[in-house]
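Structure at a glance
Below, each chain spelled out in residue letters.
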Amino acid sequence: MRRPFRSSLSQHSRHSQAVAVLDIARTGGIAVVTLNRPQAHNALSAELRDALRDGFAGLGQDPDVRVIVLTGAGERAFCAGLDLKELGEDTQVLSFGRDAFNPTVDIAACPKPVIGAINGVAITGGFEVALACDILIASDNARFADTHGRVGLLPGWGLSQRLSRVVGPYRARQLALTGNFLDAPTASAWGLVGEVVAPDELMDRALALAADVAGVSPALARSYKQLINQGYDLPLGEALAMEVDVARTHNLAVSAQAIAAQVGGVVQRGRQQS
């Protein structure tokens with residue numbers, strides 16, 4: 001079995017005593033990115049936000065990486081949002097004036113598919129990080145909450161816009177205006193997460209799903225992700241027209257021989273999954 005290549009990102013990585021706030025392990029075309037501040041519920045310190053920016057920029061350009069799994073260290077928290085200790089000292093991050101402050105930009109813009117493996121609470125900014133992923137699965141102890149209103153703030157990393165597009169405006173308003181927690185089974189019923197599994201099964205399932213995604217051509221996966229994302233931002237009629245234009249250009253460049261070469265494997269895989 002191929003041993004995973006592991007790296008860590010920290011602003012202080014040149015010092016041997018520094019603890020990496022972001023861990024990246026690569027194996028078999030899959031990169032596992034772990035928010036590594038479990039003692040702080042994986043809260044998004046300035047250092048961790050910078051590490052996420054650099055990490056996703058590098059992985060997005062790495063030809064050996066086909067899919068990324070994003071999770072949090074420990075079982076208590078995926079991400080508790082902004083680091084409140086830092087926020088008490090400097091509120092500049094709340095100005096949303098620079099993309100460098102916003103890790104969801106780098107996650108959502110990554111050309112590789114990103115699977116969020118939600119292992120615990122995803123609160124406010126952590127909820128927004130989860131929503132920036134392409135696919136979400138959760139352990140049955142995961143919970144989601146939008147507590148912006150409870151602390152007197154408005155979201156600026158996409159929660160008011162992305163969540164309503166996923167679960168509908170009524171449910172989004174329910175979460176935003178109450179600040180109540182949403183448990184994993186309900187999140188699944190609402191369409192927020194695709195699967196809910198036991199905590200000790202979460203990473204195995206995430207890696208199995210990542211392996212399925214990695215089986216698709218990287219160029220095709222990138223184009224398909226882009227097609228879905230761009231179309232989602234358009235009215236349906238414009239999105240359908242865009243799909244036809246993009247598909248026509250792509251499909252006419254694919255030979256009949258190339259299609260035929262893939263059919264047997266697709267049929268066999270379908271029989272295995274039946």
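All values reported here derive from a predicted model rather than from experimental measurement.

**Quick look at a negative patch on the surface**
Together, Glu75, Asp140, Asp200, Glu201 and Asp204 make up a region of like negative charge exposed at the surface. Following the sequence through the fold, Asp204 ends up in helix H8 (residues 202–214). The class of Asp204 is exposed, set by a relative accessible area of 58%.

**Notes on the pairing of strand S6 (residues 114–118)**
If a strand is regular, its side chains alternate between the two faces of the sheet. Of all five residues making up S6, five are buried, and the element is well covered by its neighbours. Covered by surrounding structure in S6 are Val114, Gly116 and Ile118 together with Ile115 and Ala117, the residues of both alternating faces. Alignment of S6 against strand S8 (residues 135–139), held across four bridges, turns out to be parallel. Note that in S8 the partner of Ile115 across the bridge is Ile135.

**A look at the packing of aromatic side chains**
Counted by the stated rule, this structure contains one aromatic pair. Their ring planes at 45° and their centres at 5.3 Å tell us that Phe127 and Phe144 sit as a pair that is tilted. In this pair, Phe127 sits in helix H4 (residues 125–131) while Phe144 sits in strand S9 (residues 143–145), placing the two residues 17 residues apart along the sequence. Per residue, the accessibility class of Phe127 equals that of Phe144, and both read buried. Above the plane of the ring of Phe181 lies Arg143, whose end atom (NZ or CZ) is 4.2 Å from the centre. When the ring centre of Tyr170 is taken as reference, the NZ or CZ atom of Arg173 above it lies at 4.9 Å.

What counts and what doesn't
- Residues numbered from 1 in each chain as written.
- Predicted model: local features only at pLDDT ≥ 70, side-chain atom pairs only at ≥ 80, totals over all residues.
- Heavy atoms only, no water.
- Patch = residues over 30% accessible without salt bridge, like charges linked within 9 Å, V, L, I, M, F, W, Y side chains within 5 Å.
- Areas by Shrake-Rupley, 256 points an atom, 1.4 Å probe, with all protein chains shown as cover.
- Salt bridge = Lys/Arg side-chain N within 4 Å of Asp/Glu carboxyl O.
- Lys, Arg positive; Asp, Glu negative; His and termini not counted.
- Charge placed at Lys NZ, Arg CZ, Asp CG, Glu CD.
- Helix = DSSP H or I, 4+ residues; strand = E, 2+ residues; numbered from the N terminus.
- Buried < 20%, exposed > 50% of the residue type's maximum accessible area, 1.4 Å probe, protein only.
- Pairing = 2+ DSSP bridges.
- Phe/Tyr/Trp six-rings, centres within 6.5 Å; stacked < 30°, edge-to-face > 60°.
- Lys NZ or Arg CZ within 6 Å of the ring centre and 35° of its normal.

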